[in-house]
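So the chains spell out like this:
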Amino acid sequence: MTKYAGKSVYKGIAMGKVLVLGKEEDMVKREKIEDADAEIVRVGNAIEKAQQQLQDLYEKAVKEVGEASAAIFEVHQMMMEDEDYLDAIHSMIRTENINAEFAVATTGDNFSEMFAAMDDDYMKARSADVKDISNRIVRNLMGKEGNDMEQSEPVIIVADDLSPSETVQMDKDKILAFVTVHGSTNSHTAILARMMNIPALIGVPMDLDKVKTGMVAVVDGVKAEVTFEPSPEECLKVTNKIKEQEEQARLLETLKGKENVTKSGRKINLYANIGSVSDVGYVLENDAGGIGLFRSEFLYLGRNDFPSEEEQFQAYKQVAQTMANKKVIIRTLDIGADKQADYFELGKEDNPAMGYRAIRICLKQQDIFKTQLRALFRATAYGKISIMYPMITSVSEVEQIYKIVDEVKKELDDAGIVYHEPEQGIMIETPAAVMISDELAKMVDFFSIGTNDLTQYTLAIDRQNAKLDDFYDSHHPAILKMIQIVVDNAHKEGKWAGICGELGADMDLTKTFVEMGLDELSVAPSMILKLRQIIREMD
Ligand code: PEP
Ligand code: MG
């Protein structure tokens with residue numbers, strides 16, 4: 001038994017087998033391919049193999065548990081022949097030139113979410129099945145068809161460090177926890193862990209040579225500890241804690257469908273932050289009122305080339321449709337700093353956090369921005385989309401954005417493409433934007449405060465630098481005063497203001513935020529019901 005302490009990013013507990021990362025072959029990765037037809041043939045072969053596996057399983061199950069229980073394998077066989085499912089996989093391979101594994105895994109996630117969001121209980125139950133068949137096809141594609149059980153078991157990821165692009169490519173249902181040697185609590189990888197609702201420890205001084213794939217480990221996000229090869233007594237204790245955790249989650253379940261309203265009647269919107277289309281499942285599962293921040297740049301990560309307009313349009317449309325007319329605030333590209341994609345060729349900078357990133361790239365390389373705006377505007381016809389611009393520091397930037405938006409709208413009008421006029425807002429995440437928020441409030445429909453960057457730029461602390469985690473005081477009075485200024489300036493112009501940085505989920509401040517007059521908090525989906533509970537208990 002070996003124990004290490006680290007810094008906790010999400011306070012949950014998990015126990016399971018370790019997968020030491022570096023074993024890239026175990027993850028589904030997005031890859032660019034040359035020959036789409038050949039990939040489609042690979043899918044066909046993998047499905048054929050899967051049909052045979054399911055037939056074998058069916059026959060075995062009929063003998064062992066009877067026909068009724070075995071019928072599920074027949075259902076799986078039929079689902080694999082579903083035309084919509086196959087069309088979605090094929091069209092993803094053709095339009096995006098991506099590998100079969102990624103296309104099947106993503107289609108599986110998308111269909112699974114779609115089923116999960118349906119009212120009909122029978123269809124809801126198909127959500128797990130479509131995931132299951134997709135996993136089976138992916139395993140066949142990867143040549144790992146041998147051991148069904150072992151391959152589908154979720155694991156604890158152990159790594160030296162994880163970049164946002166690595167994290168975003170992982171199959172989230174297969175991860176029990178993250179443990180890394182490096183990383184800072186405010187990094188995007190940490191944010192992703194929180195969003196996935198899984199225990200995560202960073203800054204763990206482990207000897208990676210001694211940690212082996214397949215070892216059992218316990219990750220305790222409450223105590224900020226990881227134990228490799230725990231004793232039987234330790235395992236028993238943890239099993240009990242996991243049960244308690246599940247019990248608490250069940251209690252929170254009772255808050256689903258209830259309003260976020262204090263005892264005195266003050267209401268606040270609780271929205272969710274997401275990074276990909278497949279996160280919408282978490283949003284619905286946790287009963288969020290909408291999406292307050294869709295970090296669209298994750299669509300650009302973990303790939304070799306820019307996502308096309310069509311690809312982006314499909315992603316935004318799917319989120320808007322799945323959210324069924326609840327608000328979906330999509331933030332335009334915020335690439336740069338820790339979120340790097342080689343094909344942007346951003347070049348090395350001495351100070352990337354203060355460098356060429358986010359709206360600065362969009363205003364300089366307008367073709368990239370216009371492609372995204374066109375996709376966003378087209379998607380407005382399918383739901384309630386709002387658009388939000390990051391890293392604003394001046395009135396002139398907003399003016400330039402509106403000029404480009406007008407050009408895009410004209411192009412769409414000329415082409416006879418229908419769109420709705422979306423709400424347009426900005427992120428307040430630079431001290432400059434706070435100080436001119438009175439002027440900015442006249443120009444936009446809403447403010448969403450990005451406390452992660454606002455803290456970084458106000459306290460002059462690189463959020464990526466783990467050495468500075470102790471100095472990164474997110475409760476600093478300067479930050480709280482700034483939030484109040486922004487809320488007041490928004491309200492003076494009749495606009496709404498929310499928080500979409502991690503501070504919005506800080507349960508020690510929920511009461512303060514309600515008192516400050518914030519209209520919305522957008523947080524990791526797993527925090528929605530916890531905040532609802534606090535708000536409902538407030539006077
Ligand atoms: C923020 O800065 O608070 C924010 C929400 O944006 P990101 O974390 O993606 O930079
Ligand atoms: Mg930010």
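Residues numbered from 1 in each chain as written. Chains lettered and ligands numbered in written order. Predicted model: local features only at pLDDT ≥ 70, side-chain atom pairs only at ≥ 80, totals over all residues. Heavy atoms only, no water.

K.L.:
Sorry, what's going on with helix α17 (residues 451–459) here?
P.N.:
An α-helical turn contains 3.6 residues, so a residue and the one three or four places further along point in the same direction. Among the nine residues of α17, seven are classified as buried, and the element is accordingly described as predominantly covered. Thr451, Asn452, Asp453, Leu454, Thr455, Gln456 and Tyr457 are the residues of α17 that are buried. Note on α17: the residue one or two positions beyond its end, alanine 460, has a positive phi of about 55°. (Buried < 20%, exposed > 50% of the residue type's maximum accessible area, 1.4 Å probe, protein only. Helix = DSSP H or I, 4+ residues; strand = E, 2+ residues; numbered from the N terminus.)

K.L.:
Help me out: how do you make sense of the pattern of salt bridges in this one?
P.N.:
Side chains that carry opposite charge are capable of pairing whenever their charged atoms lie near each other. Under the counting rule described, the total for this entry stands at 36 salt bridges. Of the charged contacts in the structure, one is a salt bridge between lysine 210 and aspartate 207, with a shortest N-O distance of 3.5 Å. The exposure class assigned to lysine 210 is exposed, which follows from its relative accessible area of 59%. Here the salt bridges do not stand alone but share partners, grouping Glu309, Glu310, Lys370, Arg374, Arg378, Lys403, Glu407 and Glu411 into one network. (Salt bridge = Lys/Arg side-chain N within 4 Å of Asp/Glu carboxyl O.)

K.L.:
What should I look at first to understand the coordination of the magnesium ion (ligand 2) in this one?
P.N.:
Any two of four tetrahedral donors ideally make an angle of 109.5 degrees at the metal, while pairs among six octahedral donors ideally make 90 or 180 degrees. Surrounding the magnesium ion (ligand 2) are the protein donor atoms Glu429 (OE) and Asp453 (OD), which sit 2.0 to 2.1 Å from the metal. Linking glutamate 429 in the loop between β13 (423–428) and α15 (431–435) with aspartate 453 in helix α17, this pair joins segments that are 24 residues apart in sequence. On the basis of relative accessibility, which here comes to 2%, the residue glutamate 429 falls in the buried class. (Donors = N, O, S within 2.8 Å, 3.2 Å for Na, K, Ca; no water.)

K.L.:
Where do I start with the pairing of strand β11 (residues 327–331) in this structure?
P.N.:
As a general feature of sheets, a regular strand has side chains that alternate between the two faces. Most of β11 is tucked away, with five of its five residues classed as buried. Along β11, one buried face is formed by Lys327, Ile329 and Arg331 and the opposite face, lined by Val328 and Ile330, is buried too. Inspection of the sheet shows strand β10 (residues 291–295) paired to β11 by three bridges, in the parallel sense. Each residue of the ladder has a partner; that of isoleucine 291, found in β11, is valine 328. The handedness of the β10 to β11 crossover, carried by helix α11 (residues 309–322), is right-handed. Relative to strand β12 (residues 384–389), β11 runs parallel, the two being bridged by five bridges. Residue arginine 331 lies in a different strand from β12, and its bridge partner there is methionine 388. (Pairing = 2+ DSSP bridges. Right-handed = clockwise from strand over helix to strand, strands pointing away.)

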